[in-house]
Amino acid sequence: MSSNSIKDISKDLKTEVVVRQSTERAEWEELLRLTNEENWNYTISDFEVYFRCDPEGVFVALIDGKPVGFTVAINWSDEIAVGGLSIVNKRYRGQGIGKALWSERIKHIGDRSFMLFSVQNRVEANMRLGFKVELCRMHIMCGKVNKKTISVSRAGIDHHCIVHFKEGHFDRILAYDNLIHYIKPREAFLRLWFAKDEARVAVAMTGDRVVGYGCIYPTSEGYIIGPLYADAGDIAADLLGRLLETVPEPEPEISMFVFNDNAGFQLAKELNMSFRSQNDAAMCTKKIRYKTDQIYATFGPSLTFV
């Protein structure tokens, strides 16, 4: 057991499995297929971003050379690691493959405080594995959003303007992001995320000052809004309206990852979005300071609201 008290369960394996770092796009295509079977709503570019943030943090389990499971652990700094995307092919579950992946992941993490996103029915099991702190509860909200409704009901605020992202905005966005996020700085991650296939980024400005930003990108099931950071609700709504203008459908299917009972959750309810997943937990092995007031939607829960 490492000093951060994450339990090593590698001794419980029931089958011969090889776990190594995954660096090949062909393997990520299999990861995408497995996540699609579970309706997890990922894209191959998501995996590419995670890999480029930590090239040693994507793991694949193989039986007879065939990929049958995956997990991800990104070491953001010397203090913080985040994990997610743990999945095993349904045909091979119950054979200890998840345990083998878990063992390699905790070796990679070392003594860092490890954060993960847990569905409700896994919270107690994760507590037994050493996750002592439940940081917050989150929801995945989804639904068709009428673009005309949001643009008419929430646009027209005159103390800020919404512009499409240009490279000249990046340093100011990064400075704004550093004021909000617990991981600092995130320059490499933000550059990679903004460069995702077909991603669109909008920026809220008051004069030369950034007061919010947001991103929308397509998936197999519609679009994900993430992140959506803003100083106030009217700014967040205007950013959302501008992002929706970039998609062709009049009522696109939208997903947002929001914190329980904060302003982002209220915004999703105003848009008549419904729960896809409810009261899931962000957990970690050591307490981490964070705030959610300006976070209306996260990048996604798979890696603990990065």
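Residues numbered from 1 in each chain as written. Predicted model: local features only at pLDDT ≥ 70, side-chain atom pairs only at ≥ 80, totals over all residues. Heavy atoms only, no water.

## Overview of the packing of helix α6 (residues 170–180) against helix α7 (residues 187–194)
So, step 1. The N-to-C vectors of α6 and α7 enclose an angle of 120 degrees; their axes lie 11 Å apart at closest approach. Between α6 and α7, the angle falls in the class oblique. Crossing of α6 against α7: the hand is right-handed. Judged by residue contacts, F170, D171, I173, L174 and D177 of α6 engage E187, L190, R191 and F194 from α7. (Axes fitted to C-alpha atoms, helices over the stretch in contact; angles between N-to-C directions. Helix = DSSP H or I, 4+ residues; strand = E, 2+ residues; numbered from the N terminus. Parallel < 35°, antiparallel > 145°, perpendicular 65-115°, else oblique. Left-handed = near helix turned anticlockwise from the far one by under 90°. Contact = heavy atoms within 4.5 Å.)

## Observations concerning the side chain of K196
So, step 1. Mapped onto the fold, K196 is located in the loop between α7 and β8 (200–206).
So, step 2. Looking at K196, its side chain comes within polar contact range of the side chain of D46, at 2.4 Å.
So, step 3. When neighbours within four sequence positions are excluded, K196 is seen to be in contact with T43, S45, D46, V49 and Y217. (Polar contact = N/O pair within 3.5 Å; in protein donor to acceptor, adjacent residues only side chain to side chain.)

## Examining the pattern of salt bridges
So, step 1. Summed over the entire model, instances satisfying the criterion amount to 14 salt bridges.
So, step 2. Among the ionic pairs, R25 bridges to E48, the shortest N-O distance being 2.0 Å. Here E48 lies in helix α2 (residues 44–53) and R25 lies in helix α1 (residues 25–37), a separation of 23 residues in the sequence.
So, step 3. With a relative accessible area of 41%, R25 lands in the partly exposed category. (Salt bridge = Lys/Arg side-chain N within 4 Å of Asp/Glu carboxyl O. Buried < 20%, exposed > 50% of the residue type's maximum accessible area, 1.4 Å probe, protein only.)

## Describing helix α9 (residues 263–270)
So, step 1. Buried within α9 are the following residues: G264, F265, L267 and A268. Considered in projection along α9, the buried side chains sweep an arc of 160 degrees and stay on one side of the axis.
So, step 2. By the N-cap criterion, in which a side-chain oxygen at the helix start approaches the backbone nitrogen of a residue two or three places on, α9 is capped by N262, the distance to G264 being 3.0 Å.
So, step 3. A positive phi of about 65 degrees marks N272, the residue just after α9. (Arc of directions from axis to C-beta.)

## Considering the confidence of the model for the protein chain
So, step 1. Counting all residues, the mean pLDDT for the protein chain is 85, and 89% of those residues have values of 70 or more.
So, step 2. Mean pLDDT values over the elements of the protein chain span from 62, in helix α5 (residues 147–154), up to 96, in β8.
So, step 3. Per-residue pLDDT stays below 50 along residues 152–157; that stretch engages in 10 contacts with residues further than four places along the chain or on separate chains. (pLDDT = per-residue confidence, 0-100.)

## Concerning the environment of F114
So, step 1. As for its position among the elements, F114 is in strand β5 (residues 113–118).
So, step 2. Judged by its relative accessible area of 0%, F114 falls in the buried class.
So, step 3. Remark: the alpha-carbon pair of F114 and A73, spanning 41 residues in sequence, is separated by 8.8 Å.

## Quick word on the nonpolar core
So, step 1. Counting 55 residues, the largest nonpolar core has F47, Y50, L190, W193 and Y213 as the members making the most contacts within it.
So, step 2. Formed by 30 residues, the second largest nonpolar core is a distinct cluster that contains M141, A204, I216 and A237. (Core = buried A, V, L, I, M, F, W, Y, C linked by side-chain atoms within 4.5 Å.)

## Brief notes about the packing of α1 against α2
So, step 1. α2 packs onto α1 with a crossing angle of 125 degrees between their chain directions and a minimal axis gap of 9 Å. Compared by their axis directions, α1 and α2 come out oblique. α2 is crossed by α1, and the crossing has right-handed handedness. Residue-level contacts link R25, W28, E29, L31, L32 and T35 of α1 to I44, F47, E48 and F51 of α2.
So, step 2. Across the contact of α1 with α2, the residue classes tally to six nonpolar, one polar and three charged. (Nonpolar A, V, L, I, M, F, W, Y, C, P; charged D, E, K, R; others polar.)

## Focus on unusual backbone geometry
So, step 1. Cis geometry is found at the peptide bond from G226 to P227, where omega equals 5 degrees.
So, step 2. With respect to the helices and strands, the residue P227 is situated in strand β10 (residues 222–230).
So, step 3. The backbone of D64 sits at a positive phi, close to 55 degrees, despite the residue not being glycine.
So, step 4. Checked against the element boundaries, D64 lands in the loop between β2 (58–63) and β3 (66–75).
So, step 5. Residue classification places D64 among the exposed positions, given a relative accessible area of 82%.
So, step 6. One non-glycine residue, L85, lies in the positive phi region at around 55 degrees.
So, step 7. In this structure, L85 sits in strand β4 (residues 80–88).

## Overview of the environment of N75
So, step 1. Considering the arrangement of structural elements, one finds N75 in strand β3.
So, step 2. It is 9.3 Å that separates the C-alpha atoms of N75 and G110, two residues lying 35 residues apart in sequence.
So, step 3. Those residues in contact with N75 that sit more than four places away from it in its chain are D54, I80, A81, H108, I109 and R112.
So, step 4. There is a polar contact of 3.0 Å between the side chain of N75 and the backbone oxygen of H108.

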